[in-house]
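Residue-level structural notes
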Amino acid sequence: MSIVTRNNLMFPSLMNEFFKPDWFGGSENYAATLPAVNIKEDDTGFHLELAIPGMKKDDFNVEIDNDILTISMETKTEDEKTEENYTRKEFSYTSFKRSFTLPETVNSEKIKAAYTDGILSFNLPKKEEALPKPKRLIEIGK
């Protein structure tokens, strides 16, 4: 027995076109312009990774203000092609801005960032007092 998915709409493309526009003025494609983010925590700190392929490390602006890590990028390109009877100009504009509130346990003075193979990664080390303490043996007295 196999599972079959059914689409019960009579005219699926018509329904998609009717519901596709964002009638309430929100940002229909907003999520598509933000890079995917992974956040991992281990004993020594947090690791933040953003998937942003095709850029250079100079394209990014990274700031820390009042324990808020802000990562932003803005690129503009212009392509002009001139033929006999026409001129075509194409503009491309890409930008994003993400902000992350840092926990009190992060040592903001020692944050490191790297951009390799389309992944912008951050190492957010924990403060010394937030690191786990090693086990110690307590001797029982008389």
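A brief look at the structure comes next. (Residues numbered from 1 in each chain as written. Predicted model: local features only at pLDDT ≥ 70, side-chain atom pairs only at ≥ 80, totals over all residues. Heavy atoms only, no water.)

Our focus in this paragraph is the overall build of the protein chain. Of the regular secondary structure elements, the protein chain holds two helices and seven strands. Within the span of the protein chain, comprising 142 residues, buried residues form 18% of the whole. Across the protein chain, the fraction of contacts at a sequence separation of at least 24, relative to all contacts at a separation of at least 6, is 47%. Here the protein chain has roughly 12300 Å² of accessible surface; of this, 51% comes from carbon and sulfur atoms. (Helix = DSSP H or I, 4+ residues; strand = E, 2+ residues; numbered from the N terminus. Buried < 20%, exposed > 50% of the residue type's maximum accessible area, 1.4 Å probe, protein only. Contact = heavy atoms within 4.5 Å. Areas by Shrake-Rupley, 256 points an atom, 1.4 Å probe, with all protein chains shown as cover.)

So, on to the sheet that holds strand E3 (residues 60-65). In spatial order, the strands read E3-E4-E5; together these three strands make up an open sheet with antiparallel pairing. Strands at the two margins of the open sheet, each flanked by one partner only, are E3 and strand E5 (87-101). Strand-to-strand twist in this sheet, taken as the mean axis angle between neighbours without regard to direction, amounts to 15°. Inspection of the sheet shows E3 paired to strand E4 (residues 68-82) by six bridges, in the antiparallel sense. By the bridge assignment for E4, Asn-61 is matched with Ser-72. (Pairing = 2+ DSSP bridges. Axes fitted to C-alpha atoms, helices over the stretch in contact; angles between N-to-C directions.)

This part covers unusual backbone geometry. Despite not being glycine, Asp-67 has its phi angle at roughly 60°, a positive value. Mapped onto the fold, Asp-67 is located in the loop between E3 and E4. Here Asp-117, not a glycine, exhibits a phi torsion of approximately 50°, which is positive. Within the secondary structure, Asp-117 sits in the loop between strand E6 (112-116) and strand E7 (119-125).

Here we take up the side chain of Ser-72. With respect to the helices, strands and loops of the structure, Ser-72 is situated in strand E4. The buried category is assigned to Ser-72, whose relative accessible area is 16%. Not counting the four nearest positions on each side in its chain, Ser-72 is found in contact with Asp-59, Phe-60, Asn-61, Phe-96 and Lys-97.

On to the nonpolar core. Leu-50, Ile-71, Leu-120, Phe-122 and Leu-124 are the most contacted members of the largest nonpolar core, which has 17 residues in total. Among the elements of the structure, strand E2 (45-51), E4, E5 and E7 are those that each provide at least two residues to this core. Setting aside chain neighbours within four positions, we find Leu-124 in contact with Gly-45, Phe-46, Leu-69, Leu-102, Val-106 and Ile-111. (Core = buried A, V, L, I, M, F, W, Y, C linked by side-chain atoms within 4.5 Å.)

Looking now at the packing of aromatic side chains. Geometrically, a pair of aromatic rings is defined through the distance of the ring centres and the angle of the planes. For the structure shown, the criterion picks out one aromatic pair. Arranged with centres 5.1 Å apart and planes meeting at 55°, the rings of Phe-60 and Tyr-115 form a pair that is tilted. With Phe-60 in strand E3 and Tyr-115 in strand E6, this pair connects stretches of sequence that are 55 residues apart. The exposure class of Phe-60 is buried, given its relative accessible area of 12%. The ring of Phe-46 carries Lys-126 above its face, with NZ or CZ at 5.6 Å from the centroid. (Phe/Tyr/Trp six-rings, centres within 6.5 Å; stacked < 30°, edge-to-face > 60°. Lys NZ or Arg CZ within 6 Å of the ring centre and 35° of its normal.)

The next point concerns the sheet that holds E6. Hydrogen bonds between backbone groups are what pair the strands of a sheet, and the pairing can be parallel or antiparallel. With antiparallel pairing, four strands are arranged side by side in an open sheet as E1-E2-E7-E6. Edge positions in the sheet fall to strand E1 (36-41) and E6, since each has one partner strand and no second. Recorded for the sheet is a direction-independent mean angle of 15° between the axes of neighbouring strands. When E1 meets E2, the two strands line up antiparallel, connected through six bridges.

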